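Residues per chain are reported as follows:
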Amino acid sequence: MRNPLRISSESRRGLVKTLILGLCAAIATFAAPAVAAPPRVAELSVEVLDVGQGDSILIRSPEGKVALVDAGPSKAVVNLLKQKGVKAIDLVVLTHHHSDHYGGMSEVIREFKPRVFLATNSSHTTSSYLKLLQLVRDEGMRSITPTTTVRKIGLGSVVLNVLPQPPDNTQEENDNSIGIRVEYGNFSALMTGDSEERSRAYWERNCPSLVRDCTILKLAHHGSRNGTDTKWLDVVRPEQAVVSLGTGNDYGHPHPETLSLLDRKHVPLLRTDLVGTISIVSDGKTWDLTTSKRSRGTTDVAVRSASTGRSNARETTSARSSSGRKVDVNNASAQELMTIPSIGPSSAKKIIAGRPYDSVDDLQRIKGLGAARIAELESNVIVR
Ligand SMILES: [Zn+2]
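From a predicted model like this one, the values you see are computed outputs, not experimental measurements. (Residues numbered from 1 in each chain as written. Predicted model: local features only at pLDDT ≥ 70, side-chain atom pairs only at ≥ 80, totals over all residues. Heavy atoms only, no water.)

Student: Please explain the overall build of the chain as it appears in this structure.
Tutor: Each helix and strand counted, the chain has 13 helices and 19 strands in total. Going through the 384 residues of the chain one by one, you find that 50% of them count as buried. A fraction of 62% describes how many contacts in the chain between residues 6 or more apart in sequence connect residues 24 or more apart. For the chain, the exposed surface amounts to about 17900 Å²; the carbon and sulfur share of it is 53%. (Helix = DSSP H or I, 4+ residues; strand = E, 2+ residues; numbered from the N terminus. Buried < 20%, exposed > 50% of the residue type's maximum accessible area, 1.4 Å probe, protein only. Contact = heavy atoms within 4.5 Å. Areas by Shrake-Rupley, 256 points an atom, 1.4 Å probe, with all protein chains shown as cover.)

Right under this line is the structure:
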């Protein structure tokens, strides 16, 4: 994908010239010799695309291998992928047979000619799904399914662990969703389509190590209350939750109970309906997060970065927001406050009830916001 070390002969000549000039300057001023910038490290990128009410997650390995998990509700995803510079896709995954996940899949297949199609053989079907399967055959794609044991798919140096598939649920297609744990070094991301309680229980019982301690959790079923529960969060222990859903959707997603639960567990949440596409990059040790839209009341895209603290004590994980993303605690709406990492609905409510504040330190009088969390908030908020 990127090869920052590749230098053309022309730029090499320029570089030599620059180095000589730089060396002369250093000698003339007796300054310390210039230190070459470290080469850019290889990164995995996971992007939760803003496709409205549906799911589509783009995964790109440091070697430029590309996987797409679900293709959103419509062919609009094709343009999003083109804007991202995607030219070809190696693997497409359809988590389950619902159109908010495969609506754009046929167009994606026609446009990007993926080689492999991963989906279940669930009995749930529709005429449009059968048409998609016909296209997969017509294109000569290799069709694979999850198995009853973990299936590891290498995407360059990134590993997609396809979770053991729970037995077919003929009553609820959501519970036939494919689960994937993306792993790159210490970084991991868990995405389980629209899975509900039955699949979660199956995975907790049958492959606990594959769902435990994930850096990023994509909330199942667009933040519905049947997609996440306390036990699941206690096992997955995500540092950051993300969710894909449409603005003003008819389903009431995300459910207030899910938001409260994340708030109680101090898991920060980013929503595509509020911040657009969520892009996460990781070098396997640290990760960064950016979003495509500014939330109302902020002056820049949200950026959060942190170390993956799995190998050390979890408490050592640090999170900071970059400059520019300041939310005014005296005037922001609850929704705007909730764009701050670690602020959920209940903390937002308390912040609003405790107004006005003279300084950020004043937030300490809010129950549940300790000095450590206030210090973490420092870079995210202003007091006007
Ligand atoms: Zn869905």
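Following the structure, the description resumes.
Student: Teacher, can you tell me more about the coordination of the zinc ion here?
Tutor: The expected angle between donors at a tetrahedral four-coordinate metal is 109.5 degrees. At an octahedral six-coordinate metal it is 90 or 180 degrees. Protein-derived coordination of the zinc ion comes from Asp100 (OD), His101 (NE2), Asp194 (OD) and His222 (NE2), at a distance range of 2.0 to 2.1 Å. Taken together, the four donor atoms coordinating the zinc ion and their angles of 90 to 151° define a geometry best described as irregular. Read in sequence order, the donor residues coordinating the zinc ion give the pattern D-H-x92-D-x27-H. Of the two residues, Asp194 is situated in the loop between strand 10 (187-191) and helix 6 (197-206) and His222 in the loop between strand 11 (216-218) and helix 8 (230-236); the sequence distance between them amounts to 28 residues. With a relative accessible area of 2%, Asp194 lands in the buried category. The buried category is assigned to His222, whose relative accessible area is 1%. (Donors = N, O, S within 2.8 Å, 3.2 Å for Na, K, Ca; no water. Tetrahedral: all angles 85-135°; square planar, octahedral: opposite > 155°, others 65-115°.)

Student: Whenever I open this one, the sheet that holds strand 8 (residues 158-162) confuses me. Can you help?
Tutor: With respect to topology, seven strands assemble into an open sheet ordered 7-8-9-10-11-12-13, the strand pairing being mixed. Looking at which strands have only one partner, the edges of the open sheet turn out to be strand 7 (151-155) and strand 13 (269-271). Direction aside, neighbouring strands of the sheet carry axes that sit 20° apart on average. Bridging between strand 12 (residues 240-243) and strand 13 involves three bridges; their strand directions are parallel. In the sheet register, Val243 faces strand 13, and the bridge partner there is Arg271. (Pairing = 2+ DSSP bridges. Axes fitted to C-alpha atoms, helices over the stretch in contact; angles between N-to-C directions.)

Student: Is there a simple way to explain the pattern of salt bridges in this structure?
Tutor: Pairing is possible between side chains of opposite charge, provided their charged atoms come close. Using the criterion set out here, one finds 16 salt bridges in the structure. Across the pair Lys218 and Asp55 runs a salt bridge whose closest N-O atoms are separated by 2.6 Å. Here Lys218 is found in strand 11, whereas its partner Asp55 is found in the loop between strand 1 (44-48) and strand 2 (57-60), with 163 residues between them in sequence. On the basis of relative accessibility, which here comes to 3%, the residue Lys218 falls in the buried class. You can call Asp55 buried: its relative accessible area is 1%. (Salt bridge = Lys/Arg side-chain N within 4 Å of Asp/Glu carboxyl O.)

Student: Where do I start with unusual backbone geometry in this structure?
Tutor: Residues other than glycine predominantly adopt negative phi, and peptide bonds predominantly adopt the trans conformation. Pro254 follows His253 through a cis peptide bond whose omega is -5°. Its location among the elements puts Pro254 in the loop between strand 12 and helix 9 (256-264). Here Arg355 and Pro356 are connected by a cis peptide whose omega angle stands at 0°. Relative to the elements of secondary structure, Pro356 occurs in the loop between helix 12 (345-353) and helix 13 (371-377). Phi is positive for Asp213, close to 50°, though the residue is something other than glycine. Locating Asp213 in the fold gives a position in the loop between helix 7 (208-211) and strand 11. Look at Arg237: it is not a glycine, yet its phi comes out positive at around 45°. Its place among the elements puts Arg237 in the loop between helix 8 and strand 12.

Student: Explanation requested: helix 6 in the structure shown.
Tutor: When helix 6 is considered as a whole, its buried residues turn out to be Ser199, Arg200, Tyr202, Trp203 and Glu204. Next to the buried residues of helix 6 lie helix 7 and helix 8.

Student: How should I be thinking about the packing of helix 4 (residues 105-112) against helix 5 (residues 127-138) in this particular structure?
Tutor: When two helices pack together, you describe them by how their axes are tilted relative to each other and by the distance separating the axes. Axis separation between helix 4 and helix 5 bottoms out at 10 Å; the angle between their running directions is 15°. Classified by the angle between their axes, helix 4 and helix 5 sit roughly parallel to one another. As for how helix 4 packs across helix 5, the hand of that crossing is left-handed. Each of Met105, Ser106, Ile109 and Arg110 in helix 4 lies in contact with helix 5, whose residues at this interface are Leu132, Leu135 and Val136. Within the contact of helix 4 with helix 5, the residues separate by chemical class into five nonpolar, one polar and one charged. (Parallel < 35°, antiparallel > 145°, perpendicular 65-115°, else oblique. Left-handed = near helix turned anticlockwise from the far one by under 90°. Nonpolar A, V, L, I, M, F, W, Y, C, P; charged D, E, K, R; others polar.)

Student: Just checking my understanding: could you explain the pairing of strand 15 (residues 286-291) for this structure?
Tutor: A regular strand places its side chains so that they alternate between the two faces of the sheet. Side chains Trp287, Leu289 and Thr291 project from strand 15 onto a buried face, and the interleaved Thr286, Asp288 and Thr290 project onto a face without burial. Across five bridges, the pairing between strand 14 (residues 278-282) and strand 15 is antiparallel. Paired with Ile280 across the strands is Leu289, a residue of strand 15. Linking strand 14 to strand 15, which pair antiparallel, is a turn of three residues; within it Gly284 sits at a positive phi near 95°.

Student: What should I look at first to understand the pairing of strand 7 in this one?
Tutor: Relative to strand 8, strand 7 runs antiparallel, the two sharing five bridges. Note on strand 8: the bridge partner recorded for Ile153 is Leu160. From the end of strand 7 to the start of strand 8, which pair antiparallel, there are two residues, and Gly156 there has a positive phi angle of about 60°.

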